[in-house]
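# Survey of secondary and tertiary structure
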Amino acid sequence: DAGVIQSPRHEVTEMGQEVTLRCKPISGHNSLFWYRQTMMRGLELLIYFNNNVPIDDSGMPEDRFSAKMPNASFSTLKIQPSEPRDSAVYFCASSPQGQVNTNEQFFGPGTRLTVL
Amino acid sequence: GEDVEQSLFLSVREGDSSVINCTYTDSSSTYLYWYKQEPGAGLQLLTYIFSNMDMKQDQRLTVLLNKKDKHLSLRIADTQTGDSAIYFCAESRTGNQFYFGTGTSLTVIP
């Protein structure tokens, strides 16, 4: 398996623009997580899905952020409009919840977002 | 991470042992994990321990769990320069949610 795939790996955009980050989880995993990592706040959980349904989005910073999971093999995280303080590395992770006891999360390589 | 605490930095000399500590708050955690993040990469699972265990050893890695004090540690024996990375502890609570610590940046001095 190729692991969790994220695209793009790097994104540079200007303030006010829409940004869409993409994630393909590991095939067969039924849980998907979006995290944001910054120096100031460390690793923060933004939202997670179970069987394509959003379970907890309390970590989403504000209405400018939205996430979707239209099917089991694809998820997007959208920021509209983007702001410089959104600059961070965004990670997607997937997990085979309920299929193995450990519920290990497998992380993608991340998308480094820079908003100018 | 919510209520999962780690010291931010640790420096050790190559060949010495490293001990990275973590405290957590939820006594109902079922599994506790150590993840490693190398520069420019995502997090990779190093090892985990089930909450009814006190210790787990895996080659150079030793995990100690003190459930009474809610304290988790990771010991790396014979630390190498390739071990330089950020190490995150995490706990798995109800459902599938993980709570990650702040991460400890380990620097190995040659």
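Residues numbered from 1 in each chain as written. Chains lettered and ligands numbered in written order. Predicted model: local features only at pLDDT ≥ 70, side-chain atom pairs only at ≥ 80, totals over all residues. Heavy atoms only, no water.

## Here's the deal with the state of the cysteines
Cysteine pairs can be linked by a disulfide, which is a covalent bond between their two sulfur atoms. Basically, it comes down to this: Only a pair of cysteine sulfur atoms within 2.5 Å qualifies as a disulfide here. Helix and strand assignments follow DSSP, with helices taken as H or I runs no shorter than four residues and strands as E runs no shorter than two, numbered in order from the N terminus. The classification of residues rests on relative accessible area computed with a 1.4 Å probe and restricted to protein chains. Under 20% of the type maximum is buried, over 50% is exposed, and intermediate values are partly exposed.
Under the counting rule described, the total for this entry stands at two disulfides over all chains. Here cysteine 23 of chain A engages in a disulfide with cysteine 92 of chain A; their sulfurs sit 1.9 Å apart. Across the S-S bond of cysteine 23 of chain A and cysteine 92 of chain A the torsion is about -70°, and the bridge reads as left-handed. Taken together, the positions of cysteine 23 of chain A in strand E3 (residues 19–24) and cysteine 92 of chain A in strand E9 (residues 88–95) put the pair 69 residues apart, joining distant regions of the chain. The residues cysteine 23 of chain A and cysteine 92 of chain A share a single accessibility class, namely buried. Disulfide partner of cysteine 22 of chain B: cysteine 89 of chain B, at an S-S distance of 1.9 Å.

## Comments concerning the sheet that holds E3 of chain A
Residues and elements named next belong to chain A. Operational definition: Pairing between strands requires that DSSP locate at least two bridges from one strand to the other. Under this scheme, a helix contributes an axis fitted over its contacting stretch, all axes are lines through C-alpha atoms, and angles between N-to-C directions fall in the 0 to 180 degree range.
Pairing within the open sheet is antiparallel, and its four strands lie in the order E1-E3-E8-E7. The two strands at the open ends of the sheet, each matched to only one other strand, are strand E1 (5–7) and strand E7 (65–71). Pairs of neighbouring strands in the sheet enclose a mean axial angle of 15°, with direction left out of account.

## Side note on the sheet that holds strand E1 (residues 5–6) of chain B
Residue and element names in this part refer to chain B. Spatial ordering of the open sheet is given by E1-E3-E8-E7-E6, a layout of five strands whose pairing is antiparallel. Each having just a single partner strand, E1 and strand E6 (55–58) make up the two edges of the open sheet. Note that strand E3 (residues 18–23) and strand E8 (residues 71–76) share six bridges and pair antiparallel. When the bridges of E8 are listed, cysteine 22 appears paired with leucine 72.

## Some details on the environment of alanine 93 of chain A
Residue and element names in this part refer to chain A. What counts here: The criterion used for residue contact is that any of the two residues' heavy atoms lie within 4.5 Å.
Note on placement: alanine 93 falls in strand E9. Here the alpha-carbon distance between alanine 93 and serine 7, two residues 86 residues apart in the chain, equals 13 Å. Dropping the residues within four chain positions of it, alanine 93 is found in contact with Ser31, Leu32, Phe33, Tyr35, Gln105, Phe106 and Phe107.

## Digging into the interface of chain B and chain A
Selection criterion: Once two parts are put together, the accessible area they lose, assessed with a 1.4 Å probe and summed over both, is termed the buried area. Only one rule defines a salt bridge in this text: a Lys or Arg side-chain nitrogen within 4 Å of an Asp or Glu carboxyl oxygen. Counting of polar contacts relies on pairs of N or O atoms within 3.5 Å, with two restrictions inside protein: one atom must be capable of donating a hydrogen and the other of accepting it, and residues adjacent in sequence are counted only when both atoms are side-chain atoms.
Taken together, the contacts link 17 residues of chain B with 20 residues of chain A. A buried area of about 1,600 Å², summed over both sides, lies between chain B and chain A, and 51% of it is on carbon and sulfur atoms. Viewed at the interface, chain A and chain B are joined by zero salt bridges. The interface formed by chain B and chain A contains two residue pairs in polar contact (both at pLDDT 80 or more).

## Quick word on the side chain of histidine 29 of chain A
Residues and elements named next belong to chain A. Position of histidine 29 relative to the elements: it lies in the loop between E3 and strand E4 (31–38). One polar contact links the side chain of histidine 29 to the main-chain amide nitrogen of serine 95, over a distance of 3.4 Å. Contact partners of histidine 29, with chain neighbours within four places excluded, come to Ser94, Ser95, Pro96 and Phe106.

## Concerning the packing of aromatic side chains
Residue and element names in this part refer to chain B. Definition in use: Pairing of aromatic side chains requires ring centres within 6.5 Å, counting the rings of Phe and Tyr and the six-membered ring of Trp. Pairs whose planes differ by under 30 degrees are stacked, by over 60 edge-to-face, and all others tilted. Note on geometry: a ring has a charge over it if NZ (lysine) or CZ (arginine) is within 6 Å of the ring centre and within 35 degrees of the ring normal.
Using the criterion set out here, one finds 16 aromatic pairs over all chains in the structure. A centroid spacing of 5.8 Å and a plane angle of 65° characterise the contact between tyrosine 31 and tyrosine 48, whose relative ring orientation is edge-to-face. With tyrosine 31 in strand E4 (residues 31–37) and tyrosine 48 in strand E5 (residues 43–50), this pair connects stretches of sequence that are 17 residues apart. For tyrosine 31, a relative accessible area of 11% corresponds to the buried category. Ring centres of tyrosine 33 and tyrosine 35 lie 6.4 Å apart, and the angle between their planes is 45°; on these two criteria the pair is classed as tilted. The class of tyrosine 33 is buried, set by a relative accessible area of 0%. Note on tyrosine 35: relative accessible area 0%, which makes it buried. Here the guanidinium or amino end of lysine 56 rests over the ring plane of tyrosine 48, the centre of that ring lying 3.8 Å away.

## Notes on unusual backbone geometry
Glycine aside, a negative phi is what most residues show, and trans is what most peptide bonds show. Residue and element names in this part refer to chain A. Here the amide bond leading from serine 7 into proline 8 is cis, since omega sits at -10°, within 30 degrees of zero. Within the element layout of this structure, proline 8 appears in the loop between E1 and strand E2 (10–13). For the peptide bond that leads from glutamine 80 to proline 81, omega is -10°, which places it in the cis range. As for its position among the elements, proline 81 is in the loop between strand E8 (74–79) and E9. Of note, the phi angle at asparagine 52 is positive, near 75°, even though the residue is not glycine. Checked against the element boundaries, asparagine 52 lands in the loop between strand E5 (42–50) and strand E6 (53–56).

This is a description of form; function is not addressed.
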